[in-house]
Amino acid sequence: MSYDKPIPIPDTLSEGHWAAARSGVLTVQRCLHCSHYAHPPEPLCRVCRSLDARFEWQKVSGEGRLKSWTFLRNAMIPAFNDELPIAIGVVELREQAGLLMLGRIVPANAIGSLPPLSPGMPVTAKFEHVTATVSLVRFAPVAAA
Ligand SMILES: [Zn+2]
């Protein structure tokens, strides 16, 4: 079955993220001078402002906390209609305060349903491999122990 929804187009700045995502690995750009994480990736480090900008794609845990979210209830693109409502969250990754990543909030497993969302709820990254070249990060609530 083909994926009929819009997908991100990797560019030279973001290709490292997408390449890792294809392998199910979440990475974030990290400055080699000051170790600051930046997402989305940036051409220059906003923290150390080094004129010799060099970065690596650092594997991160995928663990974070839900900062905010919204439910998409009306799709501007008809291809999403069969998935409504869609929960879209802002997740703060545990590696750095303020390191935010957007992603769809999904049930922890294929047959599950979303629990009530709450600020600070722990979530973990998972991937949806939508095409041969693009895998999208999703975040699933972590079940309370
Ligand atoms: Zn830096």
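What counts, and where the lines are drawn
- Residues numbered from 1 in each chain as written.
- Predicted model: local features only at pLDDT ≥ 70, side-chain atom pairs only at ≥ 80, totals over all residues.
- Pairing = 2+ DSSP bridges.
- Helix = DSSP H or I, 4+ residues; strand = E, 2+ residues; numbered from the N terminus.
- Domains from an automatic or database assignment.
- Contact = placed C-beta atoms within 7 Å.
- Axes fitted to C-alpha atoms, helices over the stretch in contact; angles between N-to-C directions.
- Core = buried A, V, L, I, M, F, W, Y, C linked by C-beta atoms within 7 Å.
- Buried ≥ 20, exposed ≤ 12 C-beta atoms within 10 Å, placed from the backbone.

(A) Representation of the pairing of strand 5 (residues 86–93) in the model. Pairing of strand 4 (residues 63–72) with strand 5 involves eight bridges; the strand directions are antiparallel. Counted as the bridge partner of R65 is E92 from strand 5. Relative to strand 6 (residues 100–105), strand 5 runs antiparallel, the two being bridged by six bridges. Paired with V91 across the strands is M101, a residue of strand 6.

(B) Focus on the domain arrangement of the protein chain. Entries for the protein chain in the domain assignment read domain 1 (11–60) and domain 2 (61–145). Here domain 1 and domain 2 have C-alpha centroids that lie 21 Å from each other. Each side of the interface is counted separately: domain 1 has nine residues, and domain 2 has 13 residues. Looking at the side of domain 1 that touches domain 2, the element that brings in the most residues is helix 1 (residues 15–22), giving three residues.

(C) Focus on the sheet that holds strand 7 (residues 122–129). Spatially, five strands are ordered 4-5-6-8-7 in a closed barrel, and the strand pairing comes out mixed. Each adjacent strand pair in this sheet contributes to an overall mean axis angle of 45 degrees, direction not counted. With three bridges connecting them, strand 4 and strand 7 associate as antiparallel partners. What sits directly across from E63, in strand 7, is T124.

(D) Just the nonpolar core, in detail. Core analysis: the biggest nonpolar cluster contains 13 residues, and V60, L66, V91, L93, V123 and F139 have the highest contact counts within it. Elements with a contribution of two residues or more to this core: strand 5, strand 6, strand 7 and strand 8 (135–141). Each of domain 1 (11–60) and domain 2 (61–145) accounts for three or more of the residues forming this core. Other than its neighbours up to four places away in sequence, L66 contacts G89, V91, L117, P119, G120, M121 and V123.

(E) Main features of the sheet that holds strand 1 (residues 27–31). Taken together, the three strands give an open sheet; going across it, the order is 2-1-3, and neighbouring strands pair in antiparallel fashion. Lying at the two open borders of the sheet, with one neighbouring strand each, are strand 2 (37–38) and strand 3 (55–59). Pairing analysis gives two bridges linking strand 1 to strand 2, with the strands arranged antiparallel. Residue Q29 lies in a different strand from strand 2, and its bridge partner there is A38.

(F) Region of the structure containing the environment of E56. Here E56 shows up in strand 3. Along the primary structure E56 and Q29 are separated by 27 residues, whereas in three dimensions their C-alpha atoms are 5.8 Å apart. Those residues in contact with E56, other than ones at most four positions away along the chain, are R30 and L32.

(G) Examining unusual backbone geometry more closely. Of the consecutive residues H39 and P40, the connecting peptide bond is found in the cis state with omega at -5 degrees. By secondary structure assignment, the location of P40 is in the loop between strand 2 and strand 3. With an omega dihedral of -5 degrees, the bond running from L84 to P85 counts as a cis peptide bond. Residue position: P85 is located in the loop between strand 4 and strand 5. The backbone of R49 sits at a positive phi, close to 55 degrees, despite the residue not being glycine. Here R49 shows up in the loop between strand 2 and strand 3.

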